[in-house]
Amino acid sequence: MAQTRFAPSPTGYLHVGGARIALFDLIWARKTGGKFTLRIEDTDQTRNSPTAAQQVMADLRWLGLQWDFGPEVGGPSEPYYQSQRRDIYDKYIRQLIEQGRAYYCFDTSEELEVMRQRATAEKKNFLYVRPAKFPTAADVEKARAEGRPVVARFCLSNDEIIVNDIIRGEVKFAGSDLSDFIIQKSDGFPTYHFACVVDDELMGVDCVIRGQEHLMNTPGHVMLQKALGFRTPIYAHLPVTMNQSGGKMSKRDRAKVLKEAIKAKPELDLGKLATIGGIAEADIKSFLKGDSTPDTPEVNAMAEFLGIELPEVNVVDFFRSGYLPEALINFIALLGYNPGFEKEILTIDELIASFDPARFNKTNSLFDRKKLLAFNTEHIKLLSEEKLLSRYKDFLKGTNSIAANADDKMLLRILKASAGARTLAEIEHKSRFIFTAGDKIAYDQKDVEKVLLKNNGEGLAMLAELKKHFAALETISEQAIETMLRAIAEEKHLGLGKVAQPLRVAISGTTISLPIFESVDILGIEETLKRIDGTILKFNPN
Ligand code: GLU
């Protein structure tokens, strides 16, 4: 029975790498009949955002990664926000101080900087020099009164520490290479290292899955466990996921694309862009210089204004781009994990049933966006009509689509006409014309040129011709429309495109819409005729 936990620091939106860890937490617990706990590691008062924990939970739920114990659901180890557990940490810090396994120190940041520089000059790693005699309670009081920062450090032993990692086997660390690290900060909050070790014990966690970047922290954690008389859990440090340009998948990837787009437009009014993003012009300037990075909502608003697409990195980015949670789960499950199947399209139940921790890979994995798109296409096909409708409605609402209030019957027709779509965003995009009033259609100038005006208005002439045929049509159905359009094409010895594309531009303003027969049928003949008239009038007023 594996008792797992996902322990995000709520500093922003849930990153897809975090989602991958939460996924394996859930899979491992479900496979073995254990429980999956969610713990919010919010002891860093400078970095936490109040809404981030809520957003992380919403993202986990959207993915279907419901925790058994944690915020909002409760459990035997409440509270699950570390910021509310300070009494517990204080008790253990006192215990270590009394045992002589921790000590207070009062160095200012300038003094620490000098120590670091000295180590660098001597080409050594910085190791904090433990005082021969630990400060007394009176020393601590005095230092506080002088306004010095008071922190507590853990006394590491010089023993060799062996970390047993499921993925890497035994990893050995020499205690003498590690520095006495801080367990309590000057604001009285515990550090991540300390709170994490205490909570893993008290919350009964015996299986810690986390990113490879934490491997260096683990020997310190194991020493703390020994000093406090705690168990040591099993560890699995998952290898990194790389983006296609060879770097680590990072939230900064989005900001980078935005920055390049801004720099490519020297004529851009930065003041206006700042207003769109809801930030000050000075913030944009500092962003362009590389001094700071705006947060996700601001980045999104600016990208939308610039008409650029940013690479998805956070779970919510994938939602907004029209990915299904089923597809994202399937895809991230295969990053650095080999399920041992021929087939790659898997449901979460299949992943749970077949899970074997021996199947994790040691090497970094590649975030192949083309593959994710292919997975999404497959999962759209696999979902039941009812489920797809519900996902689509969530998408429309979550992105404030013009179609958000459409009725189910209409949305089902659209979904039916969208066979083979790769994303929900694509479906929305191709069906937007249905919800746009005829006189508000935004015509794509290039398409108008190519399909309607070229060759002396060949397309417009076709529209005039189509009008007559539509007026004469007796029964209206997808089938009847198809038969009619094909007959016209045949009679005029033209490809179907020469007939269908002008019609498409007339009703939707572009050459990208749902299949034409369904499009006309959904819109209705009367509206179709109105749009044909409107288009002719607009581009051929004589
Ligand atoms: N709060 C840590 C993080 O978000 C958790 C690391 C761990 O799982 O121990 O990286």
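Residues numbered from 1 in each chain as written. Predicted model: local features only at pLDDT ≥ 70, side-chain atom pairs only at ≥ 80, totals over all residues. Heavy atoms only, no water.

Caption draft 1: The side chain of Gln-184, seen in detail. Locating Gln-184 in the fold gives a position in strand 7 (residues 182-184). A relative accessible area of 11% places Gln-184 in the buried class. Here the side chain of Gln-184 touches Asp-90 through a polar contact of 3.4 Å, side chain to side chain. Here Gly-188 takes part through its backbone oxygen, which lies 3.2 Å from a polar atom of the side chain of Gln-184. With residues up to four places along the chain from it excluded, the contact list for Gln-184 reads Asp-90, Ile-93, Tyr-104, Val-151, Ala-152, Phe-189, Pro-190 and Thr-191. (Helix = DSSP H or I, 4+ residues; strand = E, 2+ residues; numbered from the N terminus. Buried < 20%, exposed > 50% of the residue type's maximum accessible area, 1.4 Å probe, protein only. Polar contact = N/O pair within 3.5 Å; in protein donor to acceptor, adjacent residues only side chain to side chain. Contact = heavy atoms within 4.5 Å.)

Caption draft 2: Quick peek at the packing of aromatic side chains. Inspection of every chain in the model, using the stated rule, returns 19 aromatic pairs. Both rings, one in Phe-318 and one in Phe-367, keep their centres 5.8 Å apart while their planes meet at 45°; by these two values the pair is tilted. With Phe-318 in helix 12 (residues 315-320) and Phe-367 in the loop between strand 11 (365-366) and helix 15 (369-382), this pair connects stretches of sequence that are 49 residues apart. Judged by its relative accessible area of 0%, Phe-318 falls in the buried class. Measuring from centroid to centroid gives 4.8 Å for Phe-331 and Phe-367, while their planes differ by 80°, and the two rings are edge-to-face. One end of the pair, Phe-331, is in helix 13 (residues 325-333); the other, Phe-367, is in the loop between strand 11 and helix 15, and 36 residues separate them in sequence. Summarising the burial analysis for this pair, Phe-331 and Phe-367 share the class buried. Members of the aromatic cluster, connected to one another through ring pairs, are Phe-24, Trp-28, Tyr-337, Phe-355 and Phe-360. It is Arg-86 that lies over the ring of Phe-189; its NZ or CZ is 4.2 Å from the centre. Above the ring of Phe-126, the side-chain terminus of Arg-116 is found at 5.1 Å from the ring centroid. (Phe/Tyr/Trp six-rings, centres within 6.5 Å; stacked < 30°, edge-to-face > 60°. Lys NZ or Arg CZ within 6 Å of the ring centre and 35° of its normal.)

Caption draft 3: Examining the site of the ligand more closely. Lining the immediate environment of the ligand, one finds Arg-5, Ala-7, Pro-8, Ser-9, Glu-41, Tyr-192, Cys-196, Arg-210 and His-214. At 2.7 Å, a side-chain N or O of Glu-41 approaches a nitrogen atom of the ligand. The separation between an oxygen atom of the ligand and a polar side-chain atom of His-214 is 2.9 Å. If the ligand stood free it would expose 300 Å²; the protein chains cover 80% of that surface. Looking at side-chain class alone, the shell around the ligand contains four nonpolar, two polar and three charged residues. (Near = heavy atom within 4 Å. Areas by Shrake-Rupley, 256 points an atom, 1.4 Å probe, with all protein chains shown as cover. Nonpolar A, V, L, I, M, F, W, Y, C, P; charged D, E, K, R; others polar.)

Caption draft 4: Broad picture of the sheet that holds strand 7. As summarised here, the arrangement of the three strands in space is 3-4-7, forming an open sheet in which the pairing is antiparallel. Lying at the two open borders of the sheet, with one neighbouring strand each, are strand 3 (102-105) and strand 7. Strand-to-strand twist in this sheet, taken as the mean axis angle between neighbours without regard to direction, amounts to 45°. In this structure, strand 3 lies alongside strand 4 (residues 151-154), joined through four bridges in antiparallel fashion. (Pairing = 2+ DSSP bridges. Axes fitted to C-alpha atoms, helices over the stretch in contact; angles between N-to-C directions.)

Caption draft 5: Up close: the pattern of salt bridges. In this structure the tally under the stated criterion is 35 salt bridges. Arg-116 is the salt-bridge partner of Glu-113, the closest N and O atoms lying 3.9 Å from each other. On the criterion of helical spacing, the pair formed by Glu-113 and Arg-116 is a turn pair, its members being three residues apart in helix 4 (residues 109-121). Salt bridges linked by common partners bring Arg-5, Arg-39, Glu-41, Arg-85, Asp-199 and Asp-200 together as one network. (Salt bridge = Lys/Arg side-chain N within 4 Å of Asp/Glu carboxyl O.)

Caption draft 6: Region of interest: the nonpolar core. Grouped together as the largest cluster of nonpolar side chains are 52 residues, with contacts concentrated most on Leu-466, Phe-470, Leu-485 and Leu-503. In terms of residue count, the dominant contributor to this core is helix 19 (residues 445-472) (eight residues). Those residues in contact with Phe-470, other than ones at most four positions away along the chain, are Met-484, Leu-503, Val-520, Ile-525, Thr-528, Leu-529 and Ile-532. Core analysis: the next-biggest nonpolar cluster, separate from the first, contains 51 residues, Ile-21, Ile-27, Trp-67 and Phe-367 among them. (Core = buried A, V, L, I, M, F, W, Y, C linked by side-chain atoms within 4.5 Å.)

Caption draft 7: Fine view of unusual backbone geometry. Here the bond from Glu-78 into Pro-79 is cis, since omega is -5°, no more than 30 degrees from zero. In this fold, Pro-79 is placed in the loop between helix 2 (52-63) and helix 3 (86-98). Unlike most non-glycine residues, Lys-123 shows phi in positive territory, near 55°. Relative to the helices and strands, Lys-123 is located in the loop between helix 4 and helix 5 (137-145). Of note, Asn-456 is a non-glycine position whose phi angle comes to about 60°, a positive value.

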